Amino acid sequence: MPLSADLANKSVQAAIAAIEVYNKPNFLYREEAFALLMSNAWELLLKAKWLLDRHEEIESLHVLIDDGRGGLTPKTNRSGNPLSVGAAFLAAKIRENKNSGLDQACLDNFLALLEIRDNAAHFLNKDLYLGRRILEIGTASLRNYLCLATEWFQLDLSEYNFFLMPISFYHGFETAEPATRAHYPEQVQRLLAYLDRLEEQPVDEAARLHVSLRLETKLTRGKDAASVAFRWTDDPSAPAITVREEDILRNYPMTYRNLRELLKRRYEAFLENNEFHKIRKALEKDTKFAIVRLLNPGNPNSSHTRFYSPNILQEFDKHYVRRQKS
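(A) Quick peek at the overall build of the protein chain. Along the backbone of the protein chain there are 10 helices and six strands. For the protein chain, buried positions account for 40% of its 326 residues. Put simply, the protein chain shows about 18400 Å² of open surface, and 52% of that area lies on carbon and sulfur atoms.

What follows is the structure in structure tokens.
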């Protein structure tokens, strides 16, 4: 197995560890541990992508210094092993490639996550507000990670529960705001100001990657009129489950526009032509790959939008040639 694939799989395990730690019922080091582990998951994924685009040349990850003879040599650590370039550097360089799929919002989110990790030692008096801000960054980070891990390495992550348990069962969590930030340590005040600047950037509502995601939770009775029936299989004898519409869209995050742009980045010489539309329309018949959301669920003739699952990429891979270099 290529080293890039090993790193990608190890990255997934780090992400799972981050989620498991965060979702523990009572864990005082929750946010700090999540930031540490999720940053590590991203670093491994970025290194895997870097190697994949450079034909598995591990030397491309080394920090090089002057060897004193006019050449370059790897900088080594205390044990004599070559030092690798930092995750922030890799993210910024991958971002420069317009076909990578890593956009500015994703880069800003990753930098915010690193800042949270680096400032973890200063969370001396955490409260609901600080917890909310970190949850918003972490939720977006997981969503971005899921999109790019699937796109870059076709990893099947459907067996894992990639979500953070909301702590919004505390009354007022979603609107928690401090009367003043003056009671925070100076380092935390600077961290919050940095997150504010990142989150103030213009937001593309059609984007699939995000700087932060606001979490809203409400409790409803089981037979809620806003729920939609959804059957994951064509087998009529299979048990049916009822989930909310937003739960469905979490598994089908791409609009047609998102899908088209992703395919342009993913494949060599991709054309939005008749051949593509023929393949797409055939796949759209299978609910594993696409669903239709009606503006008025009670009227089948109302305006609608089609949403696509990342699983559809594996089918397009059978028809198009993947890009090999950045």
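(B) Seen up close, the state of the cysteines. A complete count under the given rule lists zero disulfides for this structure. The thiol of Cys 106 is unpaired, and the distance to the nearest cysteine sulfur, on Cys 147, comes to 8.8 Å. Cys 106 sits in the buried class, given a relative accessible area of 1%.

(C) Inspection of the packing of helix α1 (residues 3-22) against helix α2 (residues 30-53) at higher detail. In contact at an axis separation of 8 Å, α1 and α2 are set at 165° when each is read in the N-to-C sense. Our classification of the angle between α1 and α2 gives roughly antiparallel. Crossing geometry of α1 relative to α2 is assigned as left-handed. Residues that form the contact of α1 with α2 fall into these classes: 20 nonpolar, three polar and four charged.

(D) Structural detail: the pattern of salt bridges. Inspection of every chain in the model, using the stated rule, returns 17 salt bridges. Across the pair Glu 261 and Lys 264 runs a salt bridge, and its minimum N-O distance is 3.6 Å. Placement of the pair is Glu 261 and Lys 264 together in helix α8 (residues 256-266), with a separation of three residues, close to one helical turn. Take Glu 261: its relative accessible area is 32%, and that puts it in the partly exposed class. Connected via shared salt-bridge partners are Arg 260, Glu 261, Lys 264 and Glu 272.

(E) Fine view of unusual backbone geometry. Its identity is not glycine, yet His 55 carries a phi of approximately 55°, on the positive side. With respect to the helices, strands and loops of the structure, His 55 is situated in the loop between α2 and β1 (64-66). With phi around 50°, Ala 269 is a residue other than glycine that occupies positive phi space. On the basis of relative accessible area, Ala 269 is assigned to the exposed category, the value being 70%.

(F) Seen up close, empty space enclosed by the protein. On inspection of all chains with the given rule, the structure shows one cavity of 30 Å³ or more. Computed from the structure, the largest cavity encloses a volume of approximately 60 Å³. Around the largest cavity, the lining residues are Leu 146, Cys 147, Thr 150, Glu 151, Arg 208, Pro 253, Met 254, Leu 262, Pro 310 and Leu 313. Here the lining of the largest cavity takes four residues from helix α5 (residues 128-153), the largest share from any one element.

(G) Representation of the packing of aromatic side chains. Taken as a whole, this structure holds 10 aromatic pairs when the rule is applied. Ring centres 5.6 Å apart and planes at 85° place the aromatic pair Trp 42 and Tyr 145 in the edge-to-face group. Residue Trp 42 is located in helix α2, and its partner Tyr 145 is located in helix α5; the two are separated by 103 residues in the primary sequence. The same class applies to Trp 42 as to Tyr 145, namely buried. Ring geometry for Tyr 256 against Phe 276: centres 6.5 Å apart, planes inclined by 45°, an arrangement best described as tilted. Highlighted residues: Tyr 256 in helix α8 and Phe 276 in helix α9 (residues 274-283), separated in sequence by 20 residues. Taken together, the aromatic side chains of Tyr 256, Tyr 267, Phe 270, Phe 276, Phe 316 and Tyr 320 make up a single cluster linked through ring pairs. Residue placement shows Arg 30 over the ring face of Tyr 22; its charged tip is 5.4 Å from the ring centre. The ring of Trp 50 carries the charged tip of Arg 54 above its face, separated from the ring centre by 3.5 Å.

(H) Looking closely at α8. All of the buried residues in α8 are Asn 258, Leu 259, Leu 262, Leu 263, Arg 265 and Arg 266. Seen from one end, α8 has its buried residues packed into an arc of 160°, which puts them on one side. Check the buried side of α8 and you find it contacts α5, α9, β6 (304-308) and α10 (312-316).

(I) Summary view of the nonpolar core. In this structure, Met 38, Trp 42, Leu 46, Leu 102, Tyr 145 and Trp 152 are the most contacted members of the largest nonpolar core, which totals 58 residues. Counting residues per element, the ones that place at least two in this core are α1, α2, α3 (87-95), α4 (104-118), α5 and α6 (186-199). If one sorts the elements of this core by residue count, α5 sits on top with 12 residues. In contact with Leu 46, not counting residues within four places along its chain, are Ala 87, Leu 90, Ala 91, Ile 94, Leu 102, Phe 110 and Trp 152. Formed by 16 residues, the second largest nonpolar core is a distinct cluster that contains Leu 259, Leu 262, Tyr 267 and Leu 313.

(J) Layout of the environment of Phe 123. As for its position among the elements, Phe 123 is in the loop between α4 and α5. For the pair formed by Phe 123 and Tyr 29, sequence separation is 94 residues and the distance between their alpha carbons is 9.5 Å. Filtering out sequence-adjacent residues up to four positions away, Phe 123 remains in contact with Glu 32, Ile 116, Leu 130, Ile 134, Val 188 and Leu 191.

Conventions and cut-offs
Here the residue numbering is sequential within each chain, running from 1 through the sequence in written order. In view of the model being predicted, local features appear only for residues whose pLDDT reaches at least 70, and side-chain atom pairs are presented and counted only at 80 or more, with totals across whole chains, interfaces and linings using the full set of residues. Processing note: side-chain calculations cover all non-hydrogen atoms of the structure and skip hydrogens and water entirely. Secondary structure counts use DSSP, requiring at least four H or I residues in a row for a helix and at least two E residues in a row for a strand, with both numbered from the N terminus. Buried, partly exposed and exposed residues are distinguished by accessible area as a fraction of the type maximum, computed with a 1.4 Å probe on protein chains only: under 20%, between the cut-offs, and over 50%, respectively. Accessible areas in this description were obtained via Shrake-Rupley with a 1.4 Å probe; residue shielding takes into account the shown protein chains only. By convention in this document, the label disulfide applies to cysteine sulfur atom pairs within 2.5 Å. Angles shown run from 0 to 180 degrees and are taken between the N-to-C directions of axes, each axis being a line fitted to C-alpha atoms and, for helices, limited to the stretch in contact. In what follows, roughly perpendicular refers to angles from 65 to 115 degrees, roughly parallel to angles under 35, roughly antiparallel to angles over 145, and oblique to any angle outside these ranges. Each helix crossing is assigned a hand: it is left-handed if the near helix lies turned anticlockwise from the far helix by less than a right angle, otherwise right-handed if that turn is clockwise. Residues were grouped as follows: Ala, Val, Leu, Ile, Met, Phe, Trp, Tyr, Cys and Pro as nonpolar; Asp, Glu, Lys and Arg as charged; and all remaining residues, including Gly, as polar. Salt bridges are defined as contacts in which a side-chain nitrogen from Lys or Arg sits within 4 Å of a carboxyl oxygen from Asp or Glu. As defined here, a cavity is a set of points on a 1 Å grid over the protein atoms alone where a 1.4 Å probe fits but cannot get out. A pocket is an open set with protein on both sides within 12 Å along at least five of seven lines, and residues line them when an atom is within 4 Å of a point. Grid points are joined across faces, edges and corners, and a volume is the space filled by probe spheres set on the points. A pair of Phe, Tyr and Trp rings is counted when the ring centres sit within 6.5 Å of each other, with Trp represented by its six-membered ring. The angle between the planes then sorts it: under 30 degrees is stacked, over 60 is edge-to-face, the rest tilted. A ring is scored as having a charge over it whenever the NZ atom of a lysine or the CZ atom of an arginine sits within 6 Å of its centre and within 35 degrees of its normal. By construction, the arc corresponds to the directions joining the helix axis to the C-beta atoms. What makes two residues a contact is simply this: any of their non-hydrogen atoms within 4.5 Å. Among buried residues, those of type Ala, Val, Leu, Ile, Met, Phe, Trp, Tyr and Cys that are joined through side-chain atoms within 4.5 Å constitute a nonpolar core.

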